[in-house]
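Summary of the model geometry
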Amino acid sequence: MSRLSQVFVPNDRQFFDLFGEAAGNIVRAADLLDQMLGAYPERSGLSRDILLCEQEGDRITHDIIQRLNQTFVTPIDREDIYELAPGLDDIVDWTEEVADYMGLYKIEAPMEQAQRQAHILLQSSRQIAEAMPRMRTFRDISHFTVEINRLENDGDRVTREAMASLFDTGIDPMVVIRWKDIFERLESAIDATEKVANILEGIVIKNS
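These notes cover the structure that comes with them. (Residues numbered from 1 in each chain as written. Predicted model: local features only at pLDDT ≥ 70, side-chain atom pairs only at ≥ 80, totals over all residues. Heavy atoms only, no water.)

A look at the nonpolar core
- Counting residues in hydrophobic clusters, the biggest one holds 66 residues, and the most contacted among them are Phe19, Leu33, Leu84, Leu88, Met135 and Trp179.
- For this core, the elements supplying multiple residues, two or more each, are α2 (12-38), α3 (46-70), α4 (78-104), α5 (112-131), α6 (142-168) and α7 (173-207).
- For Leu88, the residues in contact, after removing those within four places along its chain, are Phe19, Ala22, Ile26, Ile128, Met132 and Val196. (Core = buried A, V, L, I, M, F, W, Y, C linked by side-chain atoms within 4.5 Å. Buried < 20%, exposed > 50% of the residue type's maximum accessible area, 1.4 Å probe, protein only. Helix = DSSP H or I, 4+ residues; strand = E, 2+ residues; numbered from the N terminus. Contact = heavy atoms within 4.5 Å.)

If you want it as structure tokens, here you go:
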């Protein structure tokens, strides 16, 4: 096939393979955070591995956008690719910030609610990874989006519970502020999975 022909023929594999890579990277980052908070501070060193996931996410996003700029015909609408690629990257960015803040704030032990939030993030990330292959043929992913929505609601409740417990115990206000920052980032990571699920569902509906 000539180079000119390649420009006009949508290469599904390139884009969908990269989206699959991004989804796998999200699960790896979330799994590392889940392990890190589950055995903190003994496994605090996993923050370095999470940073590598964040850098890998940037690389994948760059590759997607670069291919998009070089491709005339795409397998899905260009605006959907522009929205999905950074949306996937946001999940890893927020995950990495949680790990980073644990170290920056010199957290000595994790709150139980933070451990639960990390596990919710991992479950939600797995749903994204399981739904992603279905986008190749635009198969229904409503089962996954419903579950991600449920997990996001669970995450909201855990955050509210955590903040209430912080204020109830009358601990140092600076500790409250630090944990508030961490919980906000955990919640943002989970919210980002729901945003990606909605983007995926919109793509499937538009192309089915």
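What about the pattern of salt bridges?
- The full count for this structure, using the stated rule, is 13 salt bridges.
- The closest approach of N and O atoms between Arg59 and Glu21, which form a salt bridge, is 3.0 Å. In this pair, Arg59 is assigned in helix α3 and Glu21 in helix α2, connecting sequence segments 38 residues apart.
- Owing to a relative accessible area of 37%, Glu21 belongs among the partly exposed residues under this scheme.
- Residue Arg185 is joined to Glu97 by a salt bridge in which the shortest nitrogen-to-oxygen separation is 2.8 Å. Note that Arg185 is positioned in helix α7 and Glu97 in helix α4, a separation of 88 residues in sequence.
- On the accessibility criterion, Arg185 (15% relative accessible area) is buried.
- In the salt-bridge network here, residues are joined through shared partners; they are Glu21, Glu56, Arg59 and Asp63. (Salt bridge = Lys/Arg side-chain N within 4 Å of Asp/Glu carboxyl O.)

Some details on α3
- When the terminal C-alpha atoms of α3 are compared, their 36 Å separation across 25 residues agrees well with the 36 Å that a helix rising 1.5 Å per residue should span.
- For α3, the complete set of buried residues consists of Leu46, Ile50, Cys53, Glu54, Gly57, Ile60, Thr61, Asp63, Ile64 and Leu68. (Expected span 1.5 Å × (residues − 1).)

Overview of the side chain of Glu96
- When you line up the elements, Glu96 lands in helix α4.
- For Glu96, which is buried and forms no salt bridge, the nearest opposite charge comes from Arg185, at a distance of 8.8 Å.
- Look past the residues within four positions of Glu96 in its chain and what remains in contact with it is Ile50, Leu51 and Glu54. (Lys, Arg positive; Asp, Glu negative; His and termini not counted.)

Let's talk about the packing of α5 against α7
- As a packed pair, α5 and α7 sit with axes 10 Å apart at the nearest point and diverge in direction by 15°. When the axis of α5 is compared with that of α7, the two are roughly parallel. The handedness of the crossing between α5 and α7 is left-handed. Of the residues in α7, those touching α5 at Gln113, Ala114, Gln117, Ala118, Ile120, Leu121, Ser124, Ser125 and Ile128 are Trp179, Phe183, Leu186, Glu187, Ala189, Ile190, Thr193, Val196 and Ala197.
- Its residues assigned to classes, the contact of α5 with α7 shows twelve nonpolar, five polar and one charged. (Axes fitted to C-alpha atoms, helices over the stretch in contact; angles between N-to-C directions. Parallel < 35°, antiparallel > 145°, perpendicular 65-115°, else oblique. Left-handed = near helix turned anticlockwise from the far one by under 90°. Nonpolar A, V, L, I, M, F, W, Y, C, P; charged D, E, K, R; others polar.)

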